[in-house]
Amino acid sequence: MALSSKIREFHEKREKLLLGGGEQTVEKQKAMGKRTARERISALLDEGSFTEYDLFVKHVAHDFDMGDKSLPGDGVITGTGTIDGSPVAVFAQDFTVAGGSLGLMHSRKITKIMDHALKMRMPLIGINDSGGARIQEGVNSLAGYGEIFFRNTLSSGVIPQISVILGPCAGGAVYSPALTDFVFVVDNISKMFITGPEVIKTVLGEEISMEDLGGARVHSEISGNAHFFAGSEEECFAQIKKLIGFIPRNNTEKAGVLTSAEPLTAHEIDGIVPDDPTLPYDVRDVIKAVADNSDFFEVMENFAGSIVIGFGRIEGRTAGFVANQPLEMAGVLDVDSSDKAARFIRFCDAFNIPVITFVDIPGYLPGADQEHAGLIRHGAKILYSYSEATVPKITVILRKAYGGGYIAMGSRHLRADFVFAWPAAEIAVMGPEGAANIIFRKEIMSSADPEETRRQKIEEYRKKFANPYVAASRGYIDAVIEPSETRKFIAHSLKVSENKEIQLPPKKHGLPPF
Ligand code: HXC
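Residues numbered from 1 in each chain as written. Predicted model: local features only at pLDDT ≥ 70, side-chain atom pairs only at ≥ 80, totals over all residues. Heavy atoms only, no water.

## Overview of the overall build of the chain
Scanning the chain from terminus to terminus reveals 20 helices and 16 strands. For the chain, the spread of C-alpha atoms along the three principal axes comes to 105 × 55 × 45 Å. Taken across its 514 residues, the chain has 51% of its residues classed as buried. Once local pairs closer than 6 in sequence are excluded, the contacts in the chain between residues at least 24 apart make up 72%. Total accessible area on the chain stands at roughly 24100 Å², and carbon and sulfur atoms take up 55% of it. (Helix = DSSP H or I, 4+ residues; strand = E, 2+ residues; numbered from the N terminus. Buried < 20%, exposed > 50% of the residue type's maximum accessible area, 1.4 Å probe, protein only. Contact = heavy atoms within 4.5 Å. Areas by Shrake-Rupley, 256 points an atom, 1.4 Å probe, with all protein chains shown as cover.)

## Brief notes about a nonpolar patch on the surface
Together, Leu3, Ile7, Phe10 and Phe56 give the surface a local cluster of nonpolar side chains, amounting to about 390 Å² of exposed area. Relative to the assigned elements, Ile7 resides in helix H1 (residues 3-18). Judged by its relative accessible area of 41%, Ile7 is partly exposed. (Patch = residues over 30% accessible without salt bridge, like charges linked within 9 Å, V, L, I, M, F, W, Y side chains within 5 Å. Salt bridge = Lys/Arg side-chain N within 4 Å of Asp/Glu carboxyl O.)

## Details of the site of the ligand
The environment of the ligand is formed by 18 residues, the closest being Lys28, Gly99, Gly131, Ala133 and Ile135. Between the ligand and Lys28, the relevant distance is 3.0 Å, taken from an oxygen atom to a side-chain nitrogen or oxygen of the residue. Gly131 places a polar main-chain atom, nitrogen or oxygen, 2.6 Å from a nitrogen atom of the ligand. When the ligand sits alone it has 1000 Å² of accessible area, and the protein chains cover 55% of it. Secondary structure elements with two or more residues in the shell around the ligand: helix H5 (139-155) and strand S5 (161-170). No other element matches the three residues that H5 contributes to the shell around the ligand. (Near = heavy atom within 4 Å. Polar contact = N/O pair within 3.5 Å; in protein donor to acceptor, adjacent residues only side chain to side chain.)

## Points about the side chain of Gln325
As for its placement among the helices and strands, Gln325 is situated in the loop between strand S11 (317-324) and helix H12 (335-350). For Gln325, a relative accessible area of 3% gives the class buried. From its side chain, Gln325 meets the backbone nitrogen of Val283 in a polar contact 3.1 Å long. Look past the residues within four positions of Gln325 in its chain and what remains in contact with it is Tyr281, Asp282, Val283, Arg284, Gly305, Ser306, Ile307, Val308, Ala330 and Gly331.

## Points about the environment of Gly405
Note that Gly405 resides in helix H15 (residues 403-408). Given a relative accessible area of 0%, Gly405 falls into the buried group. Considered as a pair, Gly405 and Leu365 are 40 residues apart in the sequence and their alpha carbons are 9.8 Å apart. Apart from residues lying up to four places away in sequence, Gly405 is in contact with Ile361, Gly363 and Tyr364.

## Considerations on the packing of helix H3 (residues 37-44) against helix H10 (residues 233-246)
Look at H3 against H10: their axes get within 9 Å of each other, and the N-to-C directions meet at 45 degrees. With respect to H10, the element H3 is oriented oblique. Handedness of the H3/H10 crossing: right-handed. Together, Arg40, Ala43 and Leu44 of H3 and Glu233, Phe237, Ile240 and Lys241 of H10 make up the contact between the two elements. When the residues that make up the contact of H3 with H10 are grouped by side-chain class, the tally is four nonpolar, no polar and three charged. (Axes fitted to C-alpha atoms, helices over the stretch in contact; angles between N-to-C directions. Parallel < 35°, antiparallel > 145°, perpendicular 65-115°, else oblique. Left-handed = near helix turned anticlockwise from the far one by under 90°. Nonpolar A, V, L, I, M, F, W, Y, C, P; charged D, E, K, R; others polar.)

## Considerations on the pattern of salt bridges
According to the stated counting rule, one finds 34 salt bridges in the structure shown. For the salt bridge of Lys34 with Asp129, the shortest nitrogen-to-oxygen distance reads 3.0 Å. Of this pair, Lys34 sits in the loop between helix H2 (23-31) and H3 while Asp129 sits in strand S4 (residues 124-130), and the two are 95 residues apart along the sequence. An identical accessibility class is assigned to Lys34 and Asp129; each is buried. A salt bridge links Glu452 to Arg455, with the nearest nitrogen and oxygen atoms 2.8 Å apart. Residue Glu452 and its partner Arg455 are located together in helix H18 (residues 450-465), separated by three residues, close to a single helical turn. For Glu452, a relative accessible area of 28% corresponds to the partly exposed category.

## A few points about the packing of aromatic side chains
Under the defined criterion, the tally for this structure stands at 17 aromatic pairs. Both rings, one in Phe246 and one in Phe297, keep their centres 5.9 Å apart while their planes meet at 10 degrees; by these two values the pair is stacked. In this pair, Phe246 is assigned in helix H10 and Phe297 in strand S9 (residues 297-299), connecting sequence segments 51 residues apart. In this structure, Phe246 and Phe297 share a single accessibility class: buried. Geometry around Phe246 places Arg313 over its ring, the cationic atom sitting 4.1 Å from the centre. Against the face of Phe465 rests Lys464, its NZ or CZ located 5.7 Å from the ring centre. (Phe/Tyr/Trp six-rings, centres within 6.5 Å; stacked < 30°, edge-to-face > 60°. Lys NZ or Arg CZ within 6 Å of the ring centre and 35° of its normal.)

## Topic: the pairing of strand S3 (residues 86-93)
Burial analysis of S3 places six of its eight residues in the buried class, which makes it a mostly covered element. With four bridges joining them, S3 and S4 adopt parallel strand pairing. Within S4, the position partnered with Ala89 by the bridge is Leu124. Chirality of the crossover, the property in question, places the unit of S3, helix H4 (residues 104-119) and S4 among those that are right-handed. (Pairing = 2+ DSSP bridges. Right-handed = clockwise from strand over helix to strand, strands pointing away.)

## Examining the environment of Leu398
If you trace the backbone, Leu398 turns up in strand S13 (residues 393-402). Judged by relative accessible area, which is 1%, Leu398 ranks as buried. It is 5.4 Å that separates the C-alpha atoms of Leu398 and Trp422, two residues lying 24 residues apart in sequence.

## Concerning the environment of Phe420
Locating Phe420 in the fold gives a position in strand S14 (residues 418-421). For Phe420, a relative accessible area of 5% gives the class buried. Measuring from C-alpha to C-alpha, the distance between Phe420 and Ser163 comes to 37 Å, with 257 residues separating the pair along the chain.

This is the structure we're talking about:
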């Protein structure tokens, strides 16, 4: 055969494979408001940067007429490319080919690109759109999932791992995304669940739609499985690109530095926090007043709202922000907000991102519901995460810092490197009202005017303890600063802690309470 005919043959073969499951299935995919796997990769990566591998991989199953099926690429597209010039490894399941179901060779394509990502120390982005384990391939499919989960775990804390749910992600398939660092979902498109509506109906006799069971909103607002919610695939890809811009490629590097960064005057810091400790405000305004260009990229925006987490930059360098949110349940720590903050702090620590904490917390949420839901176990995670984190840790106490909340929120005692407090900070075992009622109970009860005595005692307590000066006198905080000085103090702290180095005691691994 002449070379030109060989090239022609290659072109023909390739063109056929690039069509995926064919016109009909592609149309069905589009009718569901979904892009094809290839379109998704093109939309996500820098133009022309995608290099595909294993296009010619074929499935090896023969049972149930599988031998006769072509299954282009075995239902998954894998390769490498760049996002804003930074290398990433990608896989995208192709629902138009056997419903993107995972058979042996499909899983081998995924594990091969995962191995590349780990070896080359670059982020891995997995686009999930699949009916799950390929039923015809039996245990080979299950083995494939096991191999993926194992690699997710090995890569954890070494390279950032991102999961994008752009279709069904059912059964055990959900555990790969669950093992990764960030899960992106899109309204009306993402569906994630262990057992589907059919099984639920059979076993429990209950009817539920896929959307109500495990749609994008469910995982962004209720279960906490998703970190980013988007209204469209396009918005989702923009979010992924933004995230990639904030984080380093691996755990041996720091995130890239962006130049030209000044805070917008629109986010003036004075006046955000009301003097009255019972009045709420949006702590995101404080973060925006401090972050470069007021650019705050919030993570898990719609879940466990009493804490706010996300990325921003200070003088061009990425920082992770953790802040109590007085707008929601006065900013308490509960089961979910403890989990949310703890995992984020561990991500920042693994990837050399300093943690900046803003404190305004009345304490852990009281009540039988929370106690029974494991507040002790979950609440301990945040203590663990702050304590083990060796990245620079800077804490600013804005207003209330009561009880366990004071300790948990990046206190000096958990080895914050710098702790600052605003003049209105109240650092105490509990709020003045609760404290006065307990320690002055006898005096209040025996007084001729209990209400007046209570008021006096509350005031007495407030004067003595509800201020930053007792903590400052012990060196628990490093400086009392004016709100307008916050960005300056944080920027300086980051600068002087650039070469921070501490060693934890040698161990195989710790045992966080998860
Ligand atoms: C083989 C599958 C498949 C699967 C879908 N297909 N899922 N083939 N194995 N798991 C095929 C269909 O037969 C069909 O092929 C094509 O993909 C498109 O599927 P449709 O059903 O037509 O699409 P749709 O109506 O959009 O429904 C999508 C779906 C449904 C909701 C995902 O297909 C479904 O329920 N699939 C089964 C889901 C499931 O139970 N998976 C196993 C989970 S257990 P044709 O040739 O007709 O076009 C699991 C265990 C993993 O994953 C454990 C790891 C630890």
